[in-house]
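A look at the structure
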Amino acid sequence: MDGLVIGAVNIDIFADTNKSFEEEGIDLPGTITIAIGGTAFNVYTSLCCLGFDCFFLSALKEGSLFTYLVKSFFKESKMKYDFIILPHLKESVFVALRYKGDLVRAVTSTSVEDVDSEDFISKLSEIFEPYNFVLCDCNLNKSTLEAILKHVNVPCYIQGTSEVKVTRLSKLSDSAKEKIKAIFLNEREFEKLKSVSPLFRGPFTFFVTLGEKGVKVIYPSGEEKYFPPVRISEAESFSGCGDIFTAGVIYGLENGYDIDTSVFFGFGLVVEKIRYSHANLIKKAHDLILEYAVPRDGLTGCPTRFVFELEKERFRREGSFYTVMLIDLDNFKRVNDTFGHLVGDEVLKKVAEIIRKQIRQEDRLYRYGGEEFLIVCRTSPEGAFVIAERIRK
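A short tour of the structure in this document, coming up. (Residues numbered from 1 in each chain as written. Predicted model: local features only at pLDDT ≥ 70, side-chain atom pairs only at ≥ 80, totals over all residues. Heavy atoms only, no water.)

The next point concerns the sheet that holds strand β12 (residues 215-218). For sheets, the rule is that strands pair by backbone hydrogen bonds, running either parallel or antiparallel. Overall, mixed pairing links the nine strands, which are arranged β5-β4-β1-β8-β9-β10-β11-β12-β13 in an open sheet. What marks the edges here is a single partner per strand, and that holds for β5 (80-86) and β13 (224-227). The average angle at which neighbouring strand axes cross in this sheet is 15°, direction not considered. Here strand β4 (residues 54-61) runs beside β5; their pairing, made up of seven bridges, is parallel. Each residue of the ladder has a partner; that of Ala 59, found in β5, is Ile 84. Packed onto the sheet, helix α7 (residues 187-196) meets β10 (180-186), β11 (205-209) and β12 and runs at close to 115° relative to β10. (Pairing = 2+ DSSP bridges. Helix = DSSP H or I, 4+ residues; strand = E, 2+ residues; numbered from the N terminus. Axes fitted to C-alpha atoms, helices over the stretch in contact; angles between N-to-C directions. Contact = heavy atoms within 4.5 Å.)

Here it is, written out as structure tokens:
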């Protein structure tokens, strides 16, 4: 088993409207969306979709309709999970009002924060299959976070959930903080943690999401590095992107990549998701993530579409004149169907080799996806046409 994820799962109820209270009064027209959500759950499902074998541990209120819906979902999905179910717990529900896609107000009721640490440790003792890492969200109370960090003997990741709950980290002991590998917070959560504990330090790295401004990484030494955002013109909402970014970074780190590349994985997982309304609608993102997030295509050796999205912003900032060519191989499906995918792979490698020989050193070749290649030429359209004809022949 790769990882153990501990924290909240709940029913998400999203009320979306394009009308303001000033326009319509209290009763606003709009749409209601109900889905399974929760910070730890969103990270868990993202990790599973990336191929990780993970176990999910949470808590729910006994006898609740919401608990029935959550348990039914997990049972049908065949995920690895266990729940602490007790009668005195609160309902596990997140209710949000969004105006034109932006979160305006939210009310959260979370079961896991009312569970004693002994109950979680008891459940952990029943998991005999070894795991390589643990992720906890800050919906867990301070005593539970402390107990879990001291109990496990693998690197731990912490995911923020709100400005108030993230202050629980400031009360952790030094021995508990020694187990933390990385902490994932948004900008408001990070500023809140700094305000209550200005000297909060440890052997861990902070990944601070800044919304449309990108990501800031703060190393254990205190050194900071800023990663500008990938601009996606179709973006409708950034709600829920933090949880998905966390999964992408963990994917990179747990596969042995450095922090910079792991951040690229996080960006890549978000690229398609931000076209949707909230964190649960991520199927298309996961369908396309490997195409977007991997920095270099393993077959042809070309930089990937995700790298192009990143470098596109640099091209714009430089202000130079560029021409973009998109190359699509005709009848490539027929090659795969007739001769098999191994032959198709050889064709793609050969095409990439031919293109490289025909373009200049300052030009950039990308594997854009499938049988598509993209070339960025530092030349006029007329000059690019000459290169394109050379490749075609």
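Having seen the structure, we can now continue with the description.
One pass over the structure, following the stated rule, counts 20 aromatic pairs. Relative to Phe 74, the ring of Phe 73 lies with its centre 5.8 Å away and its plane at 85°, an arrangement referred to as edge-to-face. Arranged with centres 5.9 Å apart and planes meeting at 55°, the rings of Phe 245 and Phe 267 form a pair that is tilted. With a gap of 22 residues between them, Phe 245 in helix α8 (residues 241-254) and Phe 267 in helix α9 (residues 259-273) connect regions that are remote in the sequence. Given the relative accessible area of 10%, Phe 267 is considered buried. By way of ring pairs, the aromatic residues Phe 41, Tyr 44, Phe 56, Phe 73, Phe 74, Tyr 81 and Phe 83 are connected into one cluster. (Phe/Tyr/Trp six-rings, centres within 6.5 Å; stacked < 30°, edge-to-face > 60°. Buried < 20%, exposed > 50% of the residue type's maximum accessible area, 1.4 Å probe, protein only.)

Across the five residues of strand β8 (residues 133-137), five count as buried, placing the element largely inside the fold. The two faces of β8 match: Phe 133, Leu 135 and Asp 137 on one face and Val 134 and Cys 136 on the other face are all buried. By the bridge criterion, four bridges tie strand β1 (residues 3-6) to β8 in an arrangement that is parallel. Within β8, the residue paired with Gly 3 across the bridge is Phe 133. Bridge count between β8 and strand β9 (residues 156-159): four bridges; the pairing is parallel. Looking at β9, one finds that Val 134 is bridged to Cys 156. Chirality of the crossover, the property in question, places the unit of β8, helix α5 (residues 142-151) and β9 among those that are right-handed. (Right-handed = clockwise from strand over helix to strand, strands pointing away.)

Moving on, we get to helix α2 (residues 39-49). What sets the pattern is the α-helix's 3.6 residues per turn: residues three or four places apart point alike. Of all 11 residues in α2, nine are buried, a share of seventy percent or more. Among the residues of α2, Thr 39, Ala 40, Phe 41, Asn 42, Val 43, Tyr 44, Thr 45, Ser 46 and Leu 47 are the ones counted as buried. Phi turns positive, to about 100°, at Gly 51, one or two residues after α2.

Topologically, Lys 165 is positioned in the loop between β9 and α6 (174-177). Look at Lys 165: it is buried, it has no salt bridge, and the nearest opposite charge is Glu 113 at 4.0 Å. Beyond its immediate stretch of four places on either side in the chain, Lys 165 contacts Thr 108, Thr 110, Glu 113, Cys 138 and Asn 139. (Lys, Arg positive; Asp, Glu negative; His and termini not counted. Salt bridge = Lys/Arg side-chain N within 4 Å of Asp/Glu carboxyl O.)

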